[in-house]
Amino acid sequence: MKPKPDEHDLALFREATRGVKPLRHGERVTREAPASRARAQFSRADRLQVLDESLQGAPDEPELAAGDASLFARPGVAASSLRKLRRGQYRVQAELDLHGLTAAEATVQLRDFLIASLQRNARCLRIVHGKGLRSGSKGPVLRQLVNSTLRRTAQVLAFTSARQADGGTGAVYVLLAATHASSASTTAD
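The following paragraphs examine the structure supplied in this document. (Residues numbered from 1 in each chain as written. Predicted model: local features only at pLDDT ≥ 70, side-chain atom pairs only at ≥ 80, totals over all residues. Heavy atoms only, no water.)

### Concerning the overall build of the chain
Right, so step 1: For the chain, the helix and strand inventory stands at five helices and five strands.
Right, so step 2: Secondary structure of the chain in N-to-C order comes out as α-α-β-α-β-α-β-α-β-β.
Right, so step 3: The burial tally for the chain puts 34% of its 189 residues in the buried class.
Right, so step 4: Counting contacts in the chain only where the partners sit at least 6 residues apart, residues at least 24 apart contribute 74% of the total.
Right, so step 5: Entry remark: accessible area of the chain is about 12,500 Å², with carbon and sulfur atoms responsible for 52%. (Helix = DSSP H or I, 4+ residues; strand = E, 2+ residues; numbered from the N terminus. Buried < 20%, exposed > 50% of the residue type's maximum accessible area, 1.4 Å probe, protein only. Contact = heavy atoms within 4.5 Å. Areas by Shrake-Rupley, 256 points an atom, 1.4 Å probe, with all protein chains shown as cover.)

### Thoughts on unusual backbone geometry
Phi is mostly negative for residues that are not glycine, and the peptide bonds are mostly trans.
Right, so step 1: Even without being a glycine, Asn121 presents a positive backbone phi close to 65 degrees.
Right, so step 2: For Asn121, the position within the fold is in the loop between helix H4 (103-119) and strand E3 (124-128).

### With respect to the nonpolar core
Right, so step 1: Leu125, Ile127, Leu150 and Val174 are the most contacted members of the largest nonpolar core, which has 21 residues in total.
Right, so step 2: For this core, the elements supplying multiple residues, two or more each, are strand E2 (94-97), H4, E3, helix H5 (141-152), strand E4 (156-161) and strand E5 (171-176).
Right, so step 3: The element contributing the most residues to this core is H4, with five residues. (Core = buried A, V, L, I, M, F, W, Y, C linked by side-chain atoms within 4.5 Å.)

### Points about the pairing of E4
Right, so step 1: With respect to burial, E4 is a largely interior element, five of its six residues being buried.
Right, so step 2: In this structure, strand E1 (residues 71-73) lies alongside E4, joined through three bridges in antiparallel fashion. Bridging across to E4, Phe72 finds its partner in Phe159.
Right, so step 3: Here E4 pairs with E5 via five bridges, running antiparallel. Bridge pairing in E5 places Phe159 opposite Val174. (Pairing = 2+ DSSP bridges.)

### Focus: the sheet that holds E1
Right, so step 1: As summarised here, the arrangement of the five strands in space is E1-E4-E5-E3-E2, forming an open sheet in which the pairing is mixed. Only two strands of the sheet have a single partner each, and these edge strands are E1 and E2. Geometrically, the sheet is characterised by an average inter-axis angle of 20 degrees between neighbouring strands, direction not taken into account. (Axes fitted to C-alpha atoms, helices over the stretch in contact; angles between N-to-C directions.)

### Considerations on the environment of Leu114
Right, so step 1: Position of Leu114 among the secondary structure elements: in helix H4.
Right, so step 2: In this structure, Leu114 is in contact with Leu125, Thr149, Leu150 and Thr153, ignoring residues within four places of it in sequence.

That's the geometry; what it means functionally is another story.
If you want it as structure tokens, here you go:
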């Protein structure tokens, strides 16, 4: 005797198969189905919240010197996740290089990159900011900008300096929060 599916399961099945047409017996599909249009997973208000959070400064942010390693994790981030991030064991799904940009240009690029990455449901990013060795007395300007922006962005769970092969203290790996349940499969093991 088969168990009777509940209404919730039936509704989910109907939603998942909406618009699907059954093949006629013996019919073979020889062409690839057209790609579905991407749908934004964030509302305009969510994107604006990311921007607002990146504009608000926090007085307790540490000043970074040129050779200091970056490390940040929100409360609740598992030590094993942070360790994997530091070792570069997550697959980097998007990358941004800020070399040669002014602070104003880098701010716009960084915000746009974070918003686009969140919309694509990317989980691990690499941002190259440089070490700031040529910034003179101002110190590592882009590095400070990236550090403070990432700390103020609620969807950033953690970030750490990259491995030497990926830029060392001149780059960071960033771990973003999953935006929905199915995104957990996008992280590398």
